[in-house]
Amino acid sequence: MLFTLVPRLLMVCVAAVIATLTAAIAAAESGGTPSQVNVLPKYRQECATCHIAYPPGMLPAASWQRILGNLQHHFGTDASLDVDSVKQISTWLAANSAGDAAAHAAPPEDRITRSHWFRQEHAEVPADVWKRPMIKSASNCAACHTRAEQGNFNEHFIRIPQ
Ligand code: HEC
Ligand code: HEC
């Protein structure tokens, strides 16, 4: 009895260790970042038609509030919404916005692309790269971050178009 039980117990242990390791590797590879939150369907529906659904944690609440308060004049375009949608989206953005005030002071124009951390993270991208036809604008995250749509900006999934 003992002779059959010991190897079996060992097998169970080994299987458990493998499962844990596999899960850890999967998590590391998917690049789980704090920017990944469950996206409000309304936000995806209304704010991800012209560009990606920018992660709420990339701007402070004050910036989101200003953006939502002026959708008629939205970075040179009209992105107006009905009052109910605006309310729903702004509540969700406020709840998921950048918490750390020091690291996330409201950037100029309330642009993610003009925040201090963004400039630091992209310091090695040469100025002319941003102008490439496939990229056009730094705001076009998905041009280089192949999983930006999923809120994943991990460096493993960056491909800079030529
Ligand atoms: C009709 C198209 C359209 C819709 C809808 C739209 N946007 Fe935009 N958004 C733009 C354009 C155009 C820009 C400027 C992109 C650029 O400079 O290349 C922009 C830029 C932004 C930026 C700044 C990106 C940066 O440079 O850091 C944020 C933040 C943003 N939008 C949030 C939102 C939110 C929130 C919503 C939903 C309420 C929304 N957008 C809906 C067109 C749109
Ligand atoms: C021209 C291509 C390009 C565009 C467009 C771009 N990025 Fe990046 N991004 C990079 C590169 C290159 C890095 C540096 C990766 C490294 O650390 O080696 C980076 C790094 C990052 C990082 C840090 C990732 C990490 O694992 O440390 C974040 C977060 C990020 N980008 C967010 C954004 C967001 C948000 C946008 C759009 C508003 C954007 N990026 C647009 C190329 C781009």
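Since we're looking at a predicted model, the values are computed, not measured. (Residues numbered from 1 in each chain as written. Chains lettered and ligands numbered in written order. Predicted model: local features only at pLDDT ≥ 70, side-chain atom pairs only at ≥ 80, totals over all residues. Heavy atoms only, no water.)

Engineer: Any chance you could explain the coordination of the iron atom of ligand 1 here in plain terms?
Structural biologist: Each pair of donors in an ideal four-coordinate tetrahedral metal site encloses 109.5 degrees, whereas pairs in an ideal six-coordinate octahedral site enclose 90 or 180 degrees. Those protein atoms acting as donors to the iron atom of ligand 1 are H51 (NE2) and H74 (NE2), and they sit at 2.0 Å. Coordination at the iron atom of ligand 1 comes from six donor atoms whose angles at the metal span 86 to 179 degrees, giving a geometry best classed as octahedral. With H51 in the loop between α2 (41–47) and α3 (61–68) and H74 in the loop between α3 and α4 (83–96), the pair connects residues that are 23 residues apart, well separated along the chain. (Donors = N, O, S within 2.8 Å, 3.2 Å for Na, K, Ca; no water. Tetrahedral: all angles 85-135°; square planar, octahedral: opposite > 155°, others 65-115°. Helix = DSSP H or I, 4+ residues; strand = E, 2+ residues; numbered from the N terminus.)

Engineer: How should I be thinking about the site of ligand 1 in this particular structure?
Structural biologist: Every one of the 22 residues lining ligand 1 counts as a neighbour, but C47, C50, H51, H74 and S137 are closest to it. H51 places a side-chain nitrogen or oxygen 2.7 Å from a nitrogen atom of ligand 1. Here an oxygen atom of ligand 1 sits 2.7 Å away from a polar atom, N or O, in the side chain of S139. Listing elements by their share of the shell around ligand 1, those giving two or more residues are α2 and α3. Per element, the largest residue contribution to the shell around ligand 1 is three residues, and it comes from α2. Here the shell around ligand 1 is built from residues that sort into twelve nonpolar, seven polar and three charged. (Near = heavy atom within 4 Å. Polar contact = N/O pair within 3.5 Å; in protein donor to acceptor, adjacent residues only side chain to side chain. Nonpolar A, V, L, I, M, F, W, Y, C, P; charged D, E, K, R; others polar.)

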